[in-house]
Amino acid sequence: MDHKEIAKLITLLENEPDRARDILKKLPKRICPVIGFTGSPGVGKSTLIDQVIARLRSAGKTVAVVAVDPSSPFSQGAFLGDRVRMKKHFLDEGVFIRSMASRGALGGLNESIYDVVELLEAVGFDYVLIETVGVGQAEVEVRYVADVVALVLSPGFGDEMQLLKAGVMEIADIYVVNKSDLEGNDSLYDQLIGFLTFAGRDALNVVKTSALNGSGIEELVDRIITLWKNFAETEKLKQLRKERLRHHTETLARRTLQKYLSAVDSEDPYEGVELALKFMCERLKYGQGGGT
Amino acid sequence: MKKYRILIAKPGLDGHDRGAKVVAHALRDAGFEVIYTGLRQTPEQIVKTAIQEDVDLIGLSILSGAHLQLSKKVIELMKKEGIANIPVFVGGIIPPDDVPRLLEIGVTRVFGPGTPLSKIVQEVREVLEGVTSTSGS
Ligand code: B12
Ligand SMILES: Nc1nc2c(ncn2[C@@H]2O[C@H](COP(=O)(O)OP(=O)(O)OP(=O)(O)O)[C@@H](O)[C@H]2O)c(=O)[nH]1
Ligand SMILES: [Mg+2]
């Protein structure tokens, strides 16, 4: 499938999710490593992905990137600017980059991400990389979509208090201390190692990088690949994919129910749900227009 | 639900990106999803981006004086790639005499310095949604 066809299908998945089932059914089921990059705004996720793409390409691998930026809760518009950091790959036929707006999804991604990732796996990319919006502390959906999650940090992030807080700090397989060319990075690195050791976690998976000068990128990519291979050789990958399926299902269920809920008019919330479920059971048939 | 995606690109070598950013920002506030590619894009890069991002409109911002060559190249490549159906807006320092020439090349609309942002938003809507202006031109 060429880039144009893939791009058109992604648009369909995003705009008409009820057709996703039909679209994806026609494609072979296929799995490849899905790697998530998350972290606060401006820590260097996109620049890092640019470097990771370069590394994977030099190993002859094809790469698809989905980069999510926030939609405005006021205008519903979005400024999608992650691509700016990945310019050197625009003409590479082995690289497909798609910017996506979060469209109201609260987990740091976009509701159609499950379908889109499935599509990108099916059409044969060797790697799928996902960039979340710049996250605060609570947006953890990437955990359910990606097999390996890299949490990108950079100086100015905070101190041990931030490391102790629940949420994004808990979902990482790999901690990337980026902007290592800048002052203040060693102390973050040391604190992180200290924290992980203290928490009984694997302090090995902390990597210092500079997405600007490329240092540490080779090590980061090696860690990611090793980790994914480990997962694939054990039961871990199967578990992760099961978890992804479960969250995909939940997302679909929520969206579907919401649609029916918006059509009922009841003073009683319990009755509202009952009515919506009743309508839904009567009408629901995905992929035949009935889902709409 | 259909959401319109617009590519704002800066072809060529000039570093004037203020206009592109201001226009991108205005379109964002008008509810569009704007993909911004940054400075110094070649026509090839712009067309590849338009394909991968499946955009509904391409906006080129050119203040270097090379608008004729650059727009022509972009539209040629669009034809070659089979995406010439996508409307192309051009803005920047465009002498009035060049406007008809740009339109002839296949550019959909042209905007010079000082164009009110509301006019740009309105014309984008016109072209994408078929909404015609009420104020007349
Ligand atoms: C600010 C400015 C700069 C800044 C740029 C800062 C930046 N990051 O953008 C700096 C100081 C860096 C600069 C440098 C130069 N500049 Co200068 N600069 C200007 C100036 C004064 C204003 C441009 C501007 O930002 N306007 C504000 C924005 C909002 O307006 P705009 O870009 O025109 O955009 C509007 C419309 O054109 C339209 N539009 C623009 N893009 C798009 C895109 C789409 C899709 C749509 C729908 C609409 C649209 O909508 C916008 C809103 O109305 C102009 C003169 C002028 N009055 O225009 C000269 C001007 C553009 N510069 C010029 C020149 C020659 C240069 C230099 C080469 C040398 C010099 N003489 O200073 C250098 C080269 C820099 C480089 N690397 O390329 C010339 C260009 C001549 C030409 N094209 O024939 C101009 C016209 C000055 C002149 N009269 O000689 N410049
Ligand atoms: N010094 C230094 N700057 C970096 C490094 N990595 C990224 N940057 C800069 O940090 C800024 C933000 O980089 P991005 O890659 O856009 O950051 P991001 O995390 O993708 O940002 P959002 O998508 O907006 O959340 C840019 O100016 C980069 O050039 C690094 O390793 N060192
Ligand atoms: Mg980014």
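Note that the coordinates shown come from a computational prediction; the quantities given were computed from them, not determined experimentally. (Residues numbered from 1 in each chain as written. Chains lettered and ligands numbered in written order. Predicted model: local features only at pLDDT ≥ 70, side-chain atom pairs only at ≥ 80, totals over all residues. Heavy atoms only, no water.)

**Q** Which residues make up the coordination of the magnesium ion (ligand 3), and what values go with them?
**A** Residues and elements named next belong to chain A. Coordination of the magnesium ion (ligand 3) by the protein comes from Ser46 (OG), Asp82 (OD) and Glu131 (OE), over a distance range of 2.1 Å. In terms of primary sequence, the donors binding the magnesium ion (ligand 3) are separated according to S-x35-D-x48-E. With a gap of 85 residues between them, Ser46 in helix 3 (residues 45-58) and Glu131 in strand 5 (residues 127-131) connect regions that are remote in the sequence. Each member of the pair, Ser46 as well as Glu131, is classed as buried. (Donors = N, O, S within 2.8 Å, 3.2 Å for Na, K, Ca; no water. Helix = DSSP H or I, 4+ residues; strand = E, 2+ residues; numbered from the N terminus. Buried < 20%, exposed > 50% of the residue type's maximum accessible area, 1.4 Å probe, protein only.)

**Q** Tell me about the pattern of salt bridges, and name the residues and values.
**A** The full count for this structure, using the stated rule, is 36 salt bridges over all chains. Put simply, Glu14, Arg83, Arg98 and Arg103 of chain A together with Arg5, Glu33 and Glu53 of chain B are held in one network by salt bridges that share partners. (Salt bridge = Lys/Arg side-chain N within 4 Å of Asp/Glu carboxyl O.)

**Q** Give a detailed account of the sheet that holds strand 2 (residues 63-69) of chain A, specifying residues and quantitative values.
**A** Residue and element names in this part refer to chain A. Across the sheet, seven strands lie side by side as 4-2-5-1-6-7-8; this open sheet has parallel pairing. With one partner strand each, in any of the chains shown, strand 4 (95-101) and strand 8 (206-208) form the two edges of the open sheet. For this sheet the average axis-to-axis angle between neighbouring strands, irrespective of direction, equals 20°. Across four bridges, the pairing between strand 1 (residues 34-38) and strand 6 (residues 148-153) is parallel. (Pairing = 2+ DSSP bridges. Axes fitted to C-alpha atoms, helices over the stretch in contact; angles between N-to-C directions.)

**Q** Break down the domain arrangement of chain A for me, with residues and values.
**A** All names here are of chain A. When the domains of chain A are assigned, the result is domain 1 (3-236) and domain 2 (246-285). Distance between the C-alpha centres of domain 1 and domain 2: 32 Å. With eight residues of domain 1 in contact, the opposing surface of domain 2 contributes five residues. When domain 1 packs against domain 2, close to 700 Å² is buried across both sides, 51% of that on carbon and sulfur atoms. (Domains from an automatic or database assignment. Contact = heavy atoms within 4.5 Å. Buried area = accessible area lost by both parts, 1.4 Å probe.)

**Q** Just give me the short version of the interface of chain A and chain B, but keep the residues and values in it.
**A** The interface is formed by 28 residues belonging to chain A together with 28 residues belonging to chain B. Taken together, both faces of the contact between chain A and chain B bury some 2,500 Å²; the carbon and sulfur share is 49%. Arg103 of chain A is paired through a salt bridge with Glu33 of chain B; the nearest N and O atoms lie 2.7 Å apart. Where chain A meets chain B, there are 22 residue pairs in polar contact (both at pLDDT 80 or more). Looking at the side of chain A that touches chain B, the elements that each hand over two or more residues are helix 1 (3-15), strand 3 (78-80) and strand 4 of chain A. In terms of residue count, the dominant contributor to the side of chain A that touches chain B is helix 1 of chain A (seven residues). Here the residues of the side of chain A that touches chain B sort into 11 nonpolar, nine polar and eight charged. In the sheet, strand 3 of chain A pairs with strand 2 (residues 33-36) of chain B via three bridges, with the strands oriented parallel. In the strand pairing of strand 2 of chain B, Phe79 of chain A is matched with Val34 of chain B. (Polar contact = N/O pair within 3.5 Å; in protein donor to acceptor, adjacent residues only side chain to side chain. Nonpolar A, V, L, I, M, F, W, Y, C, P; charged D, E, K, R; others polar.)

**Q** Please set out the pairing of strand 7 (residues 174-177) of chain A residue by residue, giving values where relevant.
**A** Residues and elements named next belong to chain A. By the alternation rule, side chains of strand 7 split into Ile174 and Val176 and Tyr175 and Val177, which are all buried. The pairing of strand 6 with strand 7 spans four bridges and is classified as parallel. Opposite Val152, over in strand 7, you have Val176 as the bridge partner. The pairing of strand 7 with strand 8 spans three bridges and is classified as parallel. Bridging from a neighbouring strand, Val177 pairs with Lys208 of strand 8. Handedness of the β-α-β unit built from strand 7, helix 7 (residues 185-198) and strand 8 comes out right-handed. (Right-handed = clockwise from strand over helix to strand, strands pointing away.)

**Q** Talk me through the site of ligand 1; I want residue IDs and the actual numbers.
**A** All names here are of chain B. In the vicinity of ligand 1 lie 23 residues, with Gly15, His16, Ser61, Leu63 and Thr115 positioned nearest. Take Arg18: an N or O atom from its main chain is 3.1 Å from an oxygen atom of ligand 1. Measuring from a nitrogen atom of ligand 1, one finds a side-chain N or O atom of Ser61 at 2.7 Å. Counting only elements with at least two residues in the shell around ligand 1, the list comes to helix 1 (18-29), strand 3 (57-62) and strand 4 (88-92). Among the residues forming the shell around ligand 1, the class breakdown is eight nonpolar, 12 polar and three charged. (Near = heavy atom within 4 Å.)

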